[in-house]
Amino acid sequence: MIIVPASSSLGLAAKVANKMGATLAEVERKRFPDGEMYVRILSEVRGGEVAVIGNTRSDADFVELLLLLNAAREAGSSSVTAVVPYFGYSRQHMIYKPGEPISSKVMTRSIENFSDRIICVEIHDEETIGFASHQFKNLSLIRTSSEYFRDREIDLILSPDDGGYDRAKKMAEILSIPAYYIDKKRIDAKTVEMHLPKVDFSGKSVLIVDDIISTGGTIIKAVKLLKDNGASRISVSAVHGVFAKDSDRIIEPLVDLLAVSDSIDGDHSLISVAGDISRALSGDE
Ligand code: R5P
């Protein structure tokens, strides 16, 4: 297998290549004078199975991923897998207001146009997978995340909403601790009300888990509620640390531990998706 790294996933691609004993391809990247992106795979990929690893966190990341997928195919690879650790745009998986696109459908159809299969990690909504006509695998990071917290003395797990409760419950089962969720109600576009479950949090070490941290608004509210209710230690974890507007800088001083995965590489990427991706690529799950 040949791993082609997109610039959004350089560290992760190197880890995956290392774990699999695969070749890490060399890629040339530059901008044309008019600002358009140029990529070129410098390593030989003819006849080989290629996996391009790159997320779609930004518009530029998306363009680079498509260009690399096409480059791999045009260069004569035998198969091309698109590994999209963080599948951006998946939160718009339906039409909320008339006139909107279904963004996650656009992303899926575009990516599969240039690849034979897609692998992603904990996509925001599984509905997106139904938009694909080829193989589209959504990897769960529940086991890997749970193992990260095994020896970190967590008393209970809390999901910031009922949508994430299933995930919290599965992690809690692995760690043999209880799980709860916050009752989150949207009042209007700007106001969200959150109520803790009726549990005694005082003196407890609580782990809040979510699929994604973006503006951090959800997590910050949850952390404040827990502090007001006497939690002694607060750890926060999510699969994808988007950290829009550097929200990690606001969250970090409020909590004891902030750990996200390297689906988006950053300062808090303490949990790696490399093992799960390597196993999926080698069909060894
Ligand atoms: C909501 O459905 C998600 O699970 C996250 O809780 C949400 O997307 C986080 O967004 P933010 O960090 O902007 O509150």
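Residues numbered from 1 in each chain as written. Predicted model: local features only at pLDDT ≥ 70, side-chain atom pairs only at ≥ 80, totals over all residues. Heavy atoms only, no water.

### Some points on the site of the ligand
In the region of the ligand, the neighbouring residues are R91, H124, D161, D210, D211, I212, I213, S214, T215, G216, G217 and T218. Here D211 contributes a side-chain N or O atom positioned 2.7 Å from an oxygen atom of the ligand. Summarising the interface, the protein chains cover 80% of the accessible area of the ligand, which totals 380 Å² for the free molecule. The set of elements that each furnish at least two residues to the shell around the ligand consists of β13 (205-213) and α6 (217-228). Per-element tally for the shell around the ligand: the top contributor is β13, with four residues. (Near = heavy atom within 4 Å. Polar contact = N/O pair within 3.5 Å; in protein donor to acceptor, adjacent residues only side chain to side chain. Areas by Shrake-Rupley, 256 points an atom, 1.4 Å probe, with all protein chains shown as cover. Helix = DSSP H or I, 4+ residues; strand = E, 2+ residues; numbered from the N terminus.)

### Points about the domain arrangement of the chain
When the domains of the chain are assigned, the result is domain 1 (2-139) and domain 2 (143-271). Taking the mean C-alpha position of each, domain 1 and domain 2 sit 28 Å from one another. Contacts between the two partners involve eleven residues from domain 1 and, on the opposite side, eleven residues from domain 2. Taking both sides of the interface into account, the surface hidden between domain 1 and domain 2 amounts to around 1,100 Å²; carbon and sulfur atoms contribute 48%. The largest contributions to the domain 1 side of the interface with domain 2 come from R57, Y86 and E122, which together make up 46% of the buried area. (Domains from an automatic or database assignment. Contact = heavy atoms within 4.5 Å. Buried area = accessible area lost by both parts, 1.4 Å probe.)

### A short note on the sheet that holds strand β15 (residues 257-261)
Overall, parallel pairing links the six strands, which are arranged β10-β9-β13-β14-β15-β16 in an open sheet. Each of the sheet's edge strands pairs with one partner strand only, and the pair in question is β10 (179-181) and β16 (269-271). Strand-to-strand, the axes of this sheet are offset by a mean angle of 35 degrees, without reference to chain direction. Across two bridges, the pairing between β15 and β16 is parallel. (Pairing = 2+ DSSP bridges. Axes fitted to C-alpha atoms, helices over the stretch in contact; angles between N-to-C directions.)

### Remarks on the sheet that holds strand β6 (residues 79-84)
Spatially, six strands are ordered β2-β1-β5-β6-β7-β8 in an open sheet, and the strand pairing comes out parallel. Each edge of the open sheet is held by one strand with a lone partner, namely β2 (23-24) and β8 (135-139). Where β6 lies against strand β7 (residues 117-121), four bridges are found, and the strand directions are parallel. Counted as the bridge partner of V84 is C120 from β7. Across the sheet, helix α1 (residues 10-20) touches β1 (2-5), β2 and β5 (49-53), and the angle it forms with β1 is around 170 degrees. The strands touched by helix α2 (residues 59-74) are β1, β5 and β6; relative to β6, the strand with the most contacts, the crossing angle is about 165 degrees.

### What about the environment of G217?
Structurally, G217 can be placed in helix α6. For G217 and S235, which are 18 residues apart along the polypeptide, the C-alpha to C-alpha distance reads 16 Å.

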